[in-house]
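Examining the three-dimensional arrangement
What follows is the residue order along each chain.
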Amino acid sequence: MLKEEFRLKKNSSFKATYLQRRIVSDEFFVLYGGKNKENSDAPTKIGFVVSKKIHKRAVKRNRIKRLAREAFRLGQKNSSIESYNSFQSLIYVAKEGALELDFNKAQLSVTKLINKLANKFI
């Protein structure tokens, strides 16, 4: 489970991240990146969003969020996604294709998107 200090919670934080317009995507997720960090000591906040348009059942939506969260957490622990730490906040928004997601695909997608975002905006 992702620690409390890494979670993006406030609506204003989500809106501020969306307004930065730093966007990359693949077949499963759209990744929004916030401002570049000035203080490297502050943790990067991460949010995961799955709308009701993807699936009407909360069970399915929560499964997608759990898979993405765990993929991010393991990538963070294994240091395979170092570049996430250069942003203040990140938001993963699921696409329709995320319903067929398994853990390996989720892990590959999460790391690929962070690296793509870092290469594009740093």
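Residues numbered from 1 in each chain as written. Predicted model: local features only at pLDDT ≥ 70, side-chain atom pairs only at ≥ 80, totals over all residues. Heavy atoms only, no water.

**Considering the packing of aromatic side chains**
A ring pair, where both rings are aromatic, is described by two values, the distance of the centres and the angle of the planes. Applying the stated criterion across every chain yields a total of four aromatic pairs. Judged by centre distance (5.8 Å) and plane angle (80°), the rings of Phe29 and Tyr92 are edge-to-face. In this pair, Phe29 is assigned in strand β2 (residues 29–33) and Tyr92 in strand β4 (residues 89–94), connecting sequence segments 63 residues apart. Side by side, Phe29 and Tyr92 carry an identical accessibility label, which is buried. For the pair Phe48 and Tyr92, a centre-to-centre distance of 5.4 Å together with 5° between the ring planes defines the contact as stacked. Within this pair, whereas Phe48 is found in strand β3 (residues 45–49), its partner Tyr92 is found in strand β4, the two being separated by 44 residues in sequence. As far as the burial class goes, Phe48 and Tyr92 line up, both buried. (Phe/Tyr/Trp six-rings, centres within 6.5 Å; stacked < 30°, edge-to-face > 60°. Helix = DSSP H or I, 4+ residues; strand = E, 2+ residues; numbered from the N terminus. Buried < 20%, exposed > 50% of the residue type's maximum accessible area, 1.4 Å probe, protein only.)

**Topic: the sheet that holds β2**
Here four strands make up an open sheet; going across it, the order is β1-β2-β4-β3 and the pairing mixed. The open sheet terminates on both sides in strands that have one partner only, identified here as β1 (22–25) and β3. The sheet shows a mean angle of 20° between the axes of neighbouring strands, direction not considered. Where β2 and β4 come together, five bridges link them in antiparallel fashion. Bridge assignment links Val30 to a residue of β4, and that residue is Val93. Helix-sheet contacts for helix α1 (residues 11–19) involve β2, β3 and β4, and the interaxial angle to β4 is about 85°. (Pairing = 2+ DSSP bridges. Axes fitted to C-alpha atoms, helices over the stretch in contact; angles between N-to-C directions. Contact = heavy atoms within 4.5 Å.)

**Digging into helix α2 (residues 58–77)**
When the terminal C-alpha atoms of α2 are compared, their 28 Å separation across 20 residues agrees well with the 28 Å that a helix rising 1.5 Å per residue should span. On its buried face, α2 sits against β2, β3, β4 and α3 (103–121). One or two positions beyond α2, positive phi appears at Ser79, with a value near 60°. (Expected span 1.5 Å × (residues − 1).)

**Describing the environment of Ala94**
One can find Ala94 in strand β4. Judged by its relative accessible area of 9%, Ala94 is buried. Separated by 66 residues in sequence, Ala94 and Phe28 place their C-alpha atoms 6.0 Å apart.

**With respect to the nonpolar core**
Ranked by size, the top nonpolar core spans 28 residues in total, and within it Phe29, Leu31, Ile46, Phe72, Leu90, Tyr92 and Ile114 carry the most contacts. Residue assignment for this core shows that the elements contributing at least two residues are β2, β3, α2, β4 and α3. Discounting chain neighbours no more than four positions away, the residues touching Leu31 are Arg22, Ile23, Val24, Leu90, Ile91, Tyr92, Leu113, Ile114 and Leu117. Grouped together as the second largest cluster of nonpolar side chains are six residues, Leu8, Phe14, Val30 and Ile91 included. (Core = buried A, V, L, I, M, F, W, Y, C linked by side-chain atoms within 4.5 Å.)

Purely geometric stuff here, so don't read any function into it on its own.
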